[in-house]
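Overview (structure and organization)
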Amino acid sequence: MSLSKELLYLVLQFCDEEDLKKTAHMLEQETGLFFDMNYFEDLVLSGIWDEAERYLSGFTKLEDDKYSMKIYFEIRKQKFLEALDECDRVRALNILLKDLKVFASSNEDLYKEMTQLLTLDDFREHDSLSFYGDTRSARTRMTSELKNIIEANPLFHDKLKFPDINNSRLRRLINQSLNWQHIHCTYPQPNPDIETLFTDHQCSLPDHPNFQSIENNPLPSEATSISTSPLSGNTTSDRSIVTQLVISDEAINLGAPTIQDATSERDEDSDNTSKTLSTLDEVVSPITFAGQSNSLELNHP
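Looking at an unreviewed UniProt entry, one finds the protein chain named CTLH domain-containing protein, with Nyssa sinensis as its source organism.

Here's what the structure looks like:
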């Protein structure tokens, strides 16, 4: 399965979790990715014929194969019989001429037989329709038959089962992306506000005199060593060292580091790197949305 299809599945899952049922079914029909059998059965049982055919058309056309032709025929035949049952012969004739005429080329005798039903006071008088019963029972029987036909149709074999996806998977991926963006901020703040997903997250420069001073007037001898160029390949631990130098209220010692200082710095770098890798794998982070708790979860509105 391609990543594009997997993304569509995630969007469908998101719509379902947000109770955007109509949007989900429109997306299913437009992409032909997943056929919601329960939704289709509800349409048929409710007699919403036009919507049932519109939804079906996203997955197969009448002329695709014999299974598809049978599905469309059963829907239109039921619509025709219900018009007759309501004694609306004008509507029944329109259905016969517009919806059922297409089947005459493949089965002319059947079409003629259906035409003769217009002359009967009750179509149940016809031997083949004596079992029809009421509308509800007729729709229930037809729904069961349509389900069997759809399951047998090769065109639906990979569209009837929704993939096994963990709940809120799309939200989780977004949370992980925000975590990754935050730990790569030049000056990551402990409780930043994430106001939009439309652009990448970047913490602003802290409102601190020492930060402003070091940004505007870097020391000539140290400007190269503490600068953060996107091409320099500096790590998160490098930025941590710069931050410590800037925010310290004590005098900055620019002398050569001792062996003990270098060892301590390497240990600190190792710890920072381990914490960074660990943060990437977690969903919960110190990032906070405005008005929310100290967590990076994209909660339901």
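For the protein chain, the helix and strand inventory stands at 13 helices and zero strands. Listing each helix as α and each strand as β along the protein chain from the N terminus yields α-α-α-α-α-α-α-α-α-α-α-α-α. The proportion of buried residues among the 301 residues of the protein chain is 33%. For the protein chain, the share of sequence-separated contacts (at least 6 apart) that also reach a separation of at least 24 residues comes to 61%. For the protein chain, the accessible area works out to roughly 18,600 Å², and carbon and sulfur atoms hold 52% of it.

In this section: helix α1 (residues 3-17). The terminal C-alpha atoms of α1, which comprises 15 residues, lie 21 Å apart, in line with the 21 Å expected from a rise of 1.5 Å per residue. Buried within α1 we find Y9, L10, L12, Q13 and C15. Two residues or fewer after α1 comes D19, characterised by a positive phi angle close to 60°.

Here helix α3 (residues 37-45) crosses helix α4 (residues 49-57) at 155°, and the two axes come no closer than 8 Å. Between α3 and α4, the angle is such that the two are roughly antiparallel. Considering how the two elements wind past one another, α3 and α4 form a crossing that is left-handed. Contacts between α3 and α4 pair Y39, F40, L43 and V44 from the former with W49, E51, A52, Y55 and L56 from the latter. Taken together, the residues of the contact of α3 with α4 sort by class into eight nonpolar, no polar and one charged.

To continue, consider the nonpolar core. The biggest cluster of nonpolar side chains holds 39 residues, and the ones touching the most others in it are F35, F40, L56, F80, L81, L84 and L100. Considering every element that reaches this core, the biggest residue donor is helix α5 (residues 66-85), with eight residues. If near-sequence neighbours (up to four positions away) are discounted, L81 is found in contact with L117, F123, L129 and Y132. Core analysis: the next-biggest nonpolar cluster, separate from the first, contains seven residues, Y9, L12, C15 and A24 among them.

A separate point is the environment of H126. Within the fold, H126 resides in the loop between α7 (108-116) and α8 (135-152). Along the sequence, H126 and E113 sit 13 residues apart, while their C-alpha atoms lie 9.7 Å from each other.

What follows deals with the environment of H182. Following the sequence through the fold, H182 ends up in helix α9 (residues 169-183). Considered as a pair, H182 and P192 are 10 residues apart in the sequence and their alpha carbons are 9.0 Å apart.

For α8, spanning 18 residues, the distance from its first C-alpha to its last is 26 Å, which sits close to the expected 26 Å at 1.5 Å a residue. Every buried residue of α8 is listed here: A138, R139, M142, T143, L146, I149 and I150. Taken around the axis of α8, the buried residues stretch over an arc of 135°, which confines them to a single face. In this structure, the buried residues of α8 make contact with α3, α4 and α5.

Here H182 falls in the buried class, since its relative accessible area comes to 6%. A distance of 3.1 Å separates the side chain of H182 from the backbone oxygen of Q189, its partner in a polar contact.

This part is about the packing of aromatic side chains. By the definition in use, this model includes 11 aromatic pairs. Plain terms: the ring middles of F35 and Y55 are 5.3 Å apart, the flat faces sit at 40° to each other, and that makes the pair tilted. Of this pair, F35 sits in the loop between α2 (21-31) and α3 while Y55 sits in helix α4, placing them 20 residues apart in sequence. Neither F35 nor Y55 differs from the other in exposure class; each is buried. Residues F123 and Y132 carry aromatic rings whose centres are separated by 4.9 Å and whose planes lie at 85° to one another, so their mutual orientation is edge-to-face. Per residue, the accessibility class of F123 equals that of Y132, and both read buried. Through pairs of rings, three or more aromatic residues link up here, namely F35, Y39, F40, Y55, F59 and F156.

Cut-offs and rules
Residues numbered from 1 in each chain as written. Predicted model: local features only at pLDDT ≥ 70, side-chain atom pairs only at ≥ 80, totals over all residues. Heavy atoms only, no water. Helix = DSSP H or I, 4+ residues; strand = E, 2+ residues; numbered from the N terminus. Buried < 20%, exposed > 50% of the residue type's maximum accessible area, 1.4 Å probe, protein only. Contact = heavy atoms within 4.5 Å. Areas by Shrake-Rupley, 256 points an atom, 1.4 Å probe, with all protein chains shown as cover. Expected span 1.5 Å × (residues − 1). Axes fitted to C-alpha atoms, helices over the stretch in contact; angles between N-to-C directions. Parallel < 35°, antiparallel > 145°, perpendicular 65-115°, else oblique. Left-handed = near helix turned anticlockwise from the far one by under 90°. Nonpolar A, V, L, I, M, F, W, Y, C, P; charged D, E, K, R; others polar. Core = buried A, V, L, I, M, F, W, Y, C linked by side-chain atoms within 4.5 Å. Arc of directions from axis to C-beta. Polar contact = N/O pair within 3.5 Å; in protein donor to acceptor, adjacent residues only side chain to side chain. Phe/Tyr/Trp six-rings, centres within 6.5 Å; stacked < 30°, edge-to-face > 60°.

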